[in-house]
Amino acid sequence: MPYSWSENTASHPTQELRLWPHQSLPPKGFAAFILTTYLLFTVPLYGLLGTKLLWGLLPFLLITLAGVYYALRRNDRDRQILEVLTITPDNTHLLHRSAKGAEQEWDCNTYWARVALYPKEGPVPNYITLSGSGREVEIGSFLTEEERLTLYAELNDRLRQATRQ
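Just so we're clear, the structure is a prediction, and the values are computed from it rather than from any experiment.

Peer 1: Mind showing me how you'd approach the packing of aromatic side chains here?
Peer 2: By convention here, two paired aromatic rings are described through the distance between centres and the angle between planes. In this structure the tally under the stated criterion is three aromatic pairs. Judged by centre distance (5.4 Å) and plane angle (55 degrees), the ring pair of Phe30 and Tyr69 falls under tilted. Linking Phe30 in helix α1 (residues 27-42) with Tyr69 in helix α2 (residues 52-78), this pair joins segments that are 39 residues apart in sequence. What makes Phe30 buried here is its relative accessible area of 8%. With a centroid separation of 6.4 Å and 40 degrees between ring planes, the pair formed by Tyr118 and Tyr127 is classed as tilted. What makes Tyr118 partly exposed here is its relative accessible area of 26%. The exposure class assigned to Tyr127 is buried, which follows from its relative accessible area of 14%. The positively charged end of Arg73 is found above the aromatic ring belonging to Phe30, 3.9 Å away from the centroid.

Written out as structure tokens, the structure reads:
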């Protein structure tokens, strides 16, 4: 799953949750994909070697390859989202860092923090929000439906544990 909890110990009751979008194409996979695409684009050109038609088709194939490269790089940049939820017995803090680097924060007393699940009413199925201090904020909207259900149960348990300490 694209999130992880820090270990909670009796001497250190702070719990930290880090969430990030799926990263399905690692750097080595990206390089292999671009190389394979380039090689497959050049296969039709072998029969045209030594002709003027080669020079007519080559720019279009290179422009297409550049477009694929740009689209994959842009997708990689757009997935650089990070959410960090810190739960202590006294305070719950959520930091959302967007792909462009802008940060949004939310703080609440842990006792009053609540987790809500909207199975069908939210912008995505099984939409999860945290509420408290007069605000309601989303968390994990980039996760899959099943991952949001699991996260909802874990958040409820962790908030209950934090208020008992």
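Peer 1: Just checking my understanding: could you explain the pairing of strand β7 (residues 127-132) for this structure?
Peer 2: With five of its six residues buried, β7 lies for the most part within the structure. One ladder, built from five bridges, connects strand β6 (residues 114-118) with β7; its direction is antiparallel. In the sheet register, Tyr118 faces β7, and the bridge partner there is Tyr127. Relative to strand β8 (residues 135-138), β7 runs antiparallel, the two being bridged by four bridges. For Leu130, the partnering residue across the bridge sits in β8 and is Val137. In this structure, the hairpin formed by β7 and β8 is closed by a connection of two residues, where Ser133 is found at a positive phi of approximately 55 degrees.

Criteria and cut-off values
- Residues numbered from 1 in each chain as written.
- Predicted model: local features only at pLDDT ≥ 70, side-chain atom pairs only at ≥ 80, totals over all residues.
- Heavy atoms only, no water.
- Phe/Tyr/Trp six-rings, centres within 6.5 Å; stacked < 30°, edge-to-face > 60°.
- Helix = DSSP H or I, 4+ residues; strand = E, 2+ residues; numbered from the N terminus.
- Buried < 20%, exposed > 50% of the residue type's maximum accessible area, 1.4 Å probe, protein only.
- Lys NZ or Arg CZ within 6 Å of the ring centre and 35° of its normal.
- Pairing = 2+ DSSP bridges.

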